[in-house]
Amino acid sequence: MEWVSMAEHSDVVDEINDPGAAPYGNFINYYTFNPPENRLSLIPPSLLEDLGCRDETTLILDVGCNSGELSVAFYKHLVPEPASEEESDRRSVHLLGFDLDETLVQRAQVINRLHSRITFIPLDITEDTDQLRDYLSLHGCSHFHLCLCLAVTMWVHLNHGDSGLLQLLSRLASMSQHLLLEAQPWKCYRSAARRLRKLGRSDFDHFKTLKIRGDVTEHAREHLERHCGMELIQSFGSTAWDRKLLLFRKR
């Protein structure tokens, strides 16, 4: 039997719980070390009103929702409790969160106490968007009023290459009026690849062949503005992990 010291065991546990250790970013307990407040502290509670979402059905999409804690916290941050039944009926805000990991989605469904307003589904957006289109149709809308794409781009990029990243951005832009984007910087790519190798797993298929490198956020902005009909309208600064939160709007 091969014995492992307590220090080595601790290192292994740390790696397993580290965001870079999951091939698709679908790791457990993410929000214990990157709690929702890290993003919400930068986002004004009046965001929906600022975007002109008043007295109408408003749809929010959360891409790669993981276990749902941020989705629920984000909803509560932006949507105050209605003062009356009349106010509740007049303005309806719904959030759809999805993740490719069915186990994480199940956890999200368990913690969700706002079943009439928040929905979680398993979905791989690189393969299918039919469920998203169906959700829009269900609510009589042609687009999501706000799409959250927070710390997702790197995982799509590493697993599906440059074309996968650009396709993701194009798909989100095609069905969203506003897009709140947090793209991981290139240093996170190197860390993710290093941690995966340290665990003895196969390297990301596309890591060494990616041509989109360096300032990934700037590449994403350029693609959204040049090819997707969107424009950058606001930066909410950087998170505690030094990642920019950028808000785009459909022209």
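Reading the values: the criteria
- Residues numbered from 1 in each chain as written.
- Predicted model: local features only at pLDDT ≥ 70, side-chain atom pairs only at ≥ 80, totals over all residues.
- Heavy atoms only, no water.
- Helix = DSSP H or I, 4+ residues; strand = E, 2+ residues; numbered from the N terminus.
- Buried < 20%, exposed > 50% of the residue type's maximum accessible area, 1.4 Å probe, protein only.
- Contact = heavy atoms within 4.5 Å.
- Areas by Shrake-Rupley, 256 points an atom, 1.4 Å probe, with all protein chains shown as cover.
- Pairing = 2+ DSSP bridges.
- Phe/Tyr/Trp six-rings, centres within 6.5 Å; stacked < 30°, edge-to-face > 60°.
- Lys NZ or Arg CZ within 6 Å of the ring centre and 35° of its normal.
- Axes fitted to C-alpha atoms, helices over the stretch in contact; angles between N-to-C directions.
- Parallel < 35°, antiparallel > 145°, perpendicular 65-115°, else oblique.
- Left-handed = near helix turned anticlockwise from the far one by under 90°.
- Nonpolar A, V, L, I, M, F, W, Y, C, P; charged D, E, K, R; others polar.
- Disulfide = S-S within 2.5 Å.
- Right-handed = clockwise from strand over helix to strand, strands pointing away.
- Arc of directions from axis to C-beta.
- Core = buried A, V, L, I, M, F, W, Y, C linked by side-chain atoms within 4.5 Å.

Participant: Is there a simple way to think about the overall build of the protein chain in this case?
Facilitator: Looking only at helices and strands, the protein chain has 11 helices and seven strands in total. Counting the 251 residues in the protein chain, one finds 48% classified as buried. Put simply, of all contacts in the protein chain between residues at least 6 apart along the chain, 75% involve residues at least 24 apart. Total accessible area on the protein chain stands at roughly 12,400 Å², and carbon and sulfur atoms take up 49% of it.

Participant: Is there a simple way to think about the pairing of strand β1 (residues 58–63) in this case?
Facilitator: Summarising burial for β1: six of the six residues are buried, a large majority. Of the two faces of β1, both are covered, the one formed by Thr58, Ile60 and Asp62 as well as the one formed by Leu59, Leu61 and Val63. Of the strand pairs in this sheet, β1 and strand β2 (residues 93–99) are connected by six bridges, and their pairing is parallel. Along β2, the bridge assignment pairs Val63 with Phe98. Looking at chain direction, β1 and strand β4 (residues 146–150) are connected through four bridges and run parallel. By the bridge assignment for β4, Val63 is matched with Cys149.

Participant: Would you explain the packing of aromatic side chains in this entry?
Facilitator: The description of an aromatic ring pair rests on the distance of the ring centres and on the angle between the ring planes. For the structure shown, the criterion picks out eight aromatic pairs. An aromatic cluster is defined as three or more aromatic residues linked by ring pairs; in this entry it consists of Tyr30, Tyr31, Phe33 and Trp241. Its end group placed over the ring of Phe207, Arg213 keeps NZ or CZ at 5.8 Å from the ring centre.

Participant: Looking at this structure, how should I read the packing of helix α9 (residues 153–174) against helix α10 (residues 186–198)?
Facilitator: Helix packing geometry: the angle between the two helix axes and the distance between the axes. Two elements in contact, α9 and α10, have axes separated by 11 Å at closest approach and are oriented at 60°. Between α9 and α10, the crossing angle belongs to the class labelled oblique. α9 and α10 meet at a crossing whose hand is right-handed. On α10, the residues touching Thr153, Met154, Trp155, His157 and Leu158 of α9 are Cys188, Tyr189 and Ala192. The class makeup of the residues in the contact of α9 with α10 is six nonpolar, two polar and no charged.

Participant: Teacher, can you tell me more about the sheet that holds β1 here?
Facilitator: Note: strands within a sheet are paired through backbone hydrogen bonds, in either parallel or antiparallel orientation. Read from one edge of the open sheet, seven strands run β3-β2-β1-β4-β5-β7-β6, paired in mixed fashion. Each end of this open sheet is capped by a strand with a single partner; those strands are β3 (118–122) and β6 (230–238). Along the sheet, successive strands turn relative to each other by an average axial angle of 20°, direction set aside. Its contacts with the sheet put helix α8 (residues 130–138) on β1, β2 and β3, and the angle it makes with β2 is roughly 170°.

Participant: When you look at the state of the cysteines in this model, what are you seeing that I'm missing?
Facilitator: Among covalent bonds in proteins, the disulfide is the one between the sulfur atoms of two cysteines. Under the counting rule described, the total for this entry stands at zero disulfides. With no disulfide partner, Cys149 has as its closest neighbouring cysteine sulfur the one in Cys147, 6.1 Å distant.

Participant: Please explain the pairing of β2 as it appears in this structure.
Facilitator: Each regular strand carries side chains that alternate between the two faces of the sheet. Most of β2 is tucked away, with seven of its seven residues classed as buried. By the alternation rule, side chains of β2 split into Val93, Leu95, Gly97 and Asp99 and His94, Leu96 and Phe98, which are all buried. Between β2 and its parallel partner β3, the chain crosses via helix α7 (residues 102–111), and the hand of that crossover is right-handed.

Participant: Please explain α8 as it appears in this structure.
Facilitator: Helical geometry note: an α-helix holds 3.6 residues per turn, so side chains three or four residues apart project in the same direction. Taken together, the buried positions of α8 are occupied by Leu132, Tyr135 and Leu136. The buried side chains of α8 occupy one side of the element, clustering within an arc of 100° when seen end-on. Within α8, the exposed residues directed more than 90 degrees away from the buried face are Asp134, Ser137 and Leu138. Looking at the buried residues of α8, the elements they touch are β1, β2 and β3. Looking one or two residues beyond α8, the residue adopting positive phi is Gly140, at roughly 65°.

Participant: I'm lost on the nonpolar core in this one. Help?
Facilitator: Most often, soluble globular proteins have nonpolar side chains that are buried together. Residues Leu61, Leu132, Phe144, Leu172, Leu179 and Leu224 are the most contacted members of the largest nonpolar core, which totals 45 residues. Here this core takes nine residues from α9, the largest share from any one element. What Leu179 contacts, discounting residues up to four positions off in sequence, is Cys147, Cys149, Leu172, Leu224, Met230, Leu246, Leu247 and Phe248. By size, the runner-up hydrophobic cluster in this structure holds 32 residues, among which are Ala22, Ile43, Ala151 and Phe236.

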